[in-house]
Amino acid sequence: MPGMEKDERDDGEGELSLGERIAWHRRRRGLSREVLAGLVGCSADWLGRVERGVLTLDRLSVISALTEELHLPTGELLPRPAPPARAAGSPRLRRALSDYRPPAGPPPAPEQLAALVAAARAAFQSGAYARAERLTAELLPTARRAAEEQEGAGSGRRAPASEEPEGGGQRLLALAYQGAAMLLTRVGEAELAWLAADRGLTAARASGDLAVVGSLYRSLAHCQLTAGEPAAAREIVVTAVDALRGTRAARTADGLSAHGSLLLVGAVAAGRLEDRDGVGEFLAEGERLAARLGRDANHLWTAFGPTNLTVHRVSATMELGDARLAARLGDHLDTSALPPERRLRLALETARAHDARRHRDRALALLLAAEHEAPELVRHHVIARRLVTSWLRRQRGRPDAHLAYLAARLGLPG
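Fair warning: this is a prediction, and the values are worked out from it, not measured in the lab. (Residues numbered from 1 in each chain as written. Predicted model: local features only at pLDDT ≥ 70, side-chain atom pairs only at ≥ 80, totals over all residues. Heavy atoms only, no water.)

A few points about the environment of Leu195
Right, on to step 1. The topology assignment puts Leu195 in helix H9 (residues 190–207).
Right, on to step 2. Put simply, Leu195 and Ala181 are 14 residues apart on the chain and 7.7 Å apart in space, counted from C-alpha to C-alpha. (Helix = DSSP H or I, 4+ residues; strand = E, 2+ residues; numbered from the N terminus.)

What to know about helix H6 (residues 110–125)
Right, on to step 1. In a regular helix each residue adds 1.5 Å, so 16 residues correspond to 22 Å; H6 covers 22 Å between its end C-alpha atoms and thus fits that length.
Right, on to step 2. Every buried residue of H6 is listed here: Leu113, Val117, Ala120, Arg121, Ala123, Phe124 and Gln125.
Right, on to step 3. Directly after H6, the chain includes Gly127, whose backbone phi takes a positive value near 85°. (Expected span 1.5 Å × (residues − 1). Buried < 20%, exposed > 50% of the residue type's maximum accessible area, 1.4 Å probe, protein only.)

Looking at the packing of aromatic side chains
Right, on to step 1. Inspection of every chain in the model, using the stated rule, returns 1 aromatic pair.
Right, on to step 2. Aromatic side chains Phe124 and Tyr129 sit 5.6 Å apart centroid to centroid with 15° between the ring planes, which places their arrangement in the stacked category.
Right, on to step 3. What makes Phe124 buried here is its relative accessible area of 4%.
Right, on to step 4. Assessed through its relative accessible area of 3%, Tyr129 is described here as buried. (Phe/Tyr/Trp six-rings, centres within 6.5 Å; stacked < 30°, edge-to-face > 60°.)

Quick notes on the nonpolar core
Right, on to step 1. Within the largest apolar cluster, 96 residues are counted, with the highest numbers of intra-cluster contacts made by Leu140, Leu184, Tyr217, Leu367, Val388 and Trp391.
Right, on to step 2. The element contributing the most residues to this core is helix H8 (residues 169–186), with 11 residues.
Right, on to step 3. What Leu367 contacts, discounting residues up to four positions off in sequence, is Leu348, Ala351, Ala384, Leu387, Val388, Trp391 and Leu406.
Right, on to step 4. By size, the runner-up hydrophobic cluster in this structure holds 17 residues, among which are Leu31, Val50, Leu57 and Leu70. (Core = buried A, V, L, I, M, F, W, Y, C linked by side-chain atoms within 4.5 Å. Contact = heavy atoms within 4.5 Å.)

Remarks on the packing of helix H15 (residues 323–331) against helix H16 (residues 340–356)
For any two helices packed against each other, the geometry is given by the interaxial angle and the distance between the axes.
Right, on to step 1. Look at H15 against H16: their axes get within 8 Å of each other, and the N-to-C directions meet at 140°. By the criterion of interaxial angle, the relationship of H15 to H16 is oblique. The two elements H15 and H16 meet at a crossing, and its hand is left-handed. On H16, the residues touching Ala323, Ala326, Ala327, Gly330 and Asp331 of H15 are Leu346, Thr350, Ala353, His354 and Ala356.
Right, on to step 2. Each residue belonging to the contact of H15 with H16 can be placed in one class, and the counts come to 6 nonpolar, 3 polar and 1 charged. (Axes fitted to C-alpha atoms, helices over the stretch in contact; angles between N-to-C directions. Parallel < 35°, antiparallel > 145°, perpendicular 65-115°, else oblique. Left-handed = near helix turned anticlockwise from the far one by under 90°. Nonpolar A, V, L, I, M, F, W, Y, C, P; charged D, E, K, R; others polar.)

Observations regarding unusual backbone geometry
Right, on to step 1. One non-glycine residue, Leu300, lies in the positive phi region at around 55°.
Right, on to step 2. Here Leu300 is to be found in the loop between helix H13 (276–293) and helix H14 (306–319).
Right, on to step 3. Positive phi, close to 55°, is recorded for Ala303, a residue that is not glycine.

Quick word on the packing of helix H17 (residues 360–373) against helix H19 (residues 382–394)
Right, on to step 1. As a packed pair, H17 and H19 sit with axes 11 Å apart at the nearest point and diverge in direction by 140°. By the criterion of interaxial angle, the relationship of H17 to H19 is oblique. Crossing of H17 over H19 shows left-handed handedness. Of the residues in H19, those touching H17 at Arg360, Ala363, Leu364 and Leu367 are Ala384, Leu387, Val388 and Trp391.

Thoughts on helix H11 (residues 230–244)
Right, on to step 1. For H11, built from 15 residues, the straight-helix expectation of 21 Å at 1.5 Å per residue is met to within 8% by its first-to-last C-alpha distance of 21 Å.
Right, on to step 2. Those residues of H11 that sit buried are Pro230, Ala233, Ile236, Val237, Ala240, Val241 and Leu244. All buried residues of H11 lie within an arc of 125° about the axis, which places them on one face of the element.
Right, on to step 3. In this fold, the buried residues of H11 make contact with H9, helix H10 (210–226), helix H12 (253–272) and H13.
Right, on to step 4. Backbone geometry just downstream of H11 places Gly246 in the positive-phi region, at approximately 85°. (Arc of directions from axis to C-beta.)

Pasting the structure below:
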């Protein structure tokens, strides 16, 4: 970063967050938070929450104003990707997405292929990313082969969507691609994740299963959120929800879950856009669908239900800057009925809320407990890595042994 001394910045995985860069350059210019806030037309409290990472800044008009007032080069304050894990990436999935050679031997029967899809998705939801990567990479070429053989069925024509059985090749291929997209998003392969989700959407449409189509749209929206494009994510959600609403598929358990999960992603996107009314609308519709479903479930591996809705309420509340409410909701929510990936996501969001309230010990305890349950998930998750990086930078005096060991396990410089 121009103008920064080597010992005042981090390199590689210690890259400063956007808020930390704003605070550093503000202090370098000798400006108080109140003065800089006045220059760009916002409140000092709002700017403080941006600098602490409680609020996400993605409005280009405000970024441009800050860049001008801090005398920085164009683009210096544009959002940057979160630090990935040291061994980030998924070479197995990269090869599986680029290699179209058919596997040897006949494809498995639909029920066998469905079991393989379920095993890969279960590994992801348990936080066992290495196992999920291996299973998904082995699954993709097999699922492609099964879908291709079913399309023609020896007749040279594609079977109409209405003829495809519930466990049909295109449907299972779509779910296999979705599993790849979700895993790739977690390990920092954003472009590959988008490619996998897009291919999955093509297969979902070919299957004629609107619930699976909606679920793949959810993956595309997740990709946009990861890329720092909440407006695009919200647009995808609105498009998909409009296509699902009122259809026969939307009345099934799968359809309700896909529809509801889309709304939860929409709520987080609205939160990042500081659209409080939008957050409320998405969550209110989600509550109605969760009540119709009647319980916490995991149809189409969405984990949709009343509890997961509250997990997303915590996330959206944090995006809106209300750390006190987010911490209270997170501390009192029983997530025992959810898959580990969802339980641990709540723990990380709650840790972020406590950190924003300067309760670092509570936040660190939540992170350590989450890591004990699913070390791979915590090692790759952006919230965990940002929290630990910021704590390392802020600590004074004797290093905290728990924090130092956690940073080492995450592959972060101590």
